[in-house]
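Here is what each chain is made of, one letter per residue.
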Amino acid sequence: MTENMTESTAGDPAGSPTADLAVRPATPEDRPAVERLWLMFRHDLSEFQGVLAAADGGFRDDWVASAFTGPGWAPYLLIRGDRLAGLAFVRGLDGPVRVLNSFFVVRGARRRGIGLRAAREVLTRHPGRWEIAYQEDNPAAARFWARVATQLAGDAWTREPRPVPGRPELPPDVWISLTVPARPDADL
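First things first, this report covers the structure right here in the doc. (Residues numbered from 1 in each chain as written. Predicted model: local features only at pLDDT ≥ 70, side-chain atom pairs only at ≥ 80, totals over all residues. Heavy atoms only, no water.)

### Considering the nonpolar core
Across soluble globular proteins, nonpolar side chains show a tendency to be buried alongside one another.
And step 1. Membership of the largest hydrophobic core comes to 33 residues, with the highest contact counts inside it found for Leu100, Phe103, Val122, Leu123, Trp145 and Leu178.
And step 2. Considering each element in turn, this core owes the most residues, eight residues, to helix H4 (residues 139-153).
And step 3. Apart from the residues lying within four places of it in its own chain, the contact partners of tryptophan 145 are Leu100, Phe103, Ala119, Ile132, Tyr134 and Ile176.
And step 4. Counting residues in hydrophobic clusters, the runner-up holds 13 residues, among them Ala26, Val34, Val64 and Val106. (Core = buried A, V, L, I, M, F, W, Y, C linked by side-chain atoms within 4.5 Å. Buried < 20%, exposed > 50% of the residue type's maximum accessible area, 1.4 Å probe, protein only. Helix = DSSP H or I, 4+ residues; strand = E, 2+ residues; numbered from the N terminus. Contact = heavy atoms within 4.5 Å.)

### Quick notes on the packing of aromatic side chains
And step 1. Evaluation of the coordinates by the stated rule reveals three aromatic pairs.
And step 2. Taking the centre distance of 5.9 Å and the plane angle of 25° together, the rings of phenylalanine 103 and phenylalanine 144 count as stacked. Placement of the pair is phenylalanine 103 in strand E4 (residues 97-105) and phenylalanine 144 in helix H4, with a sequence separation of 41 residues.
And step 3. Its relative accessible area of 22% is what places phenylalanine 144 among the partly exposed residues.
And step 4. Relative to tryptophan 145, the ring of phenylalanine 103 has its centre 5.3 Å away and its plane inclined at 75°; by these criteria the two rings are edge-to-face. (Phe/Tyr/Trp six-rings, centres within 6.5 Å; stacked < 30°, edge-to-face > 60°.)

### A look at the pairing of strand E7 (residues 173-180)
And step 1. Burial of E7 is extensive: seven of the eight residues sit out of reach of the surface.
And step 2. Relative to E7, strand E5 (residues 128-135) runs antiparallel, the two being bridged by eight bridges. Pairing of isoleucine 132 across the sheet is with isoleucine 176, part of E7.
And step 3. Where strand E6 (residues 157-162) meets E7, six bridges bridge the pair, whose relative direction is antiparallel. When the bridges of E7 are listed, glutamate 160 appears paired with tryptophan 175. (Pairing = 2+ DSSP bridges.)

Right under this line is the structure:
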């Protein structure tokens with residue numbers, strides 16, 4: 001699981017919860033692990049979306065397939081030490097606006113700076129215009145994404161409610177829009 005891993009430890013004091021955090025592209029061999037993380041992610045979201053598991057115990061998983069095979073998509077694993085800490089799916093890499101389609105940190109890794117660091121790592125890998133959605137009923141997500149946007153773009157970001165396409169029964173999602181600058185070390 002450590003092959004092709006990019007360590008993200010610059011600036012972290014030794015022993016901090018994020019000192020051994022890595023964010024790396026998920027490979028086809030990682031797909032079973034990503035699918036298990038996906039179930040946890042969708043279970044967490046069910047609290048805010050009112051969605052129940054299907055008869056087989058699963059949740060909608062078309063984004064998992066898209067993340068691995070769709071044009072302009074990239075799946076990432078968040079890894080702490082030798083353990084999986086979460087996932088991120090990016091779409092729109094072939095267009096003018098990137099979308100953080102899915103972002104999940106397992107409960108045992110939350111509130112330790114891991115999510116913040118992982119989100120920054122994913123977004124800065126693809127500089128440019130970004131959009132990130134979350135549910136208004138999720139106050140922890142609202143605080144988290146505002147913090148990420150502020151760290152990356154200062155006060156140059158916006159928040160806008162938008163209807164969920166094809167789901168008029170759901171409250172609007174909140175979309176954050178920001179521009180992520182290129183990292184100064186990107187050409188090194």
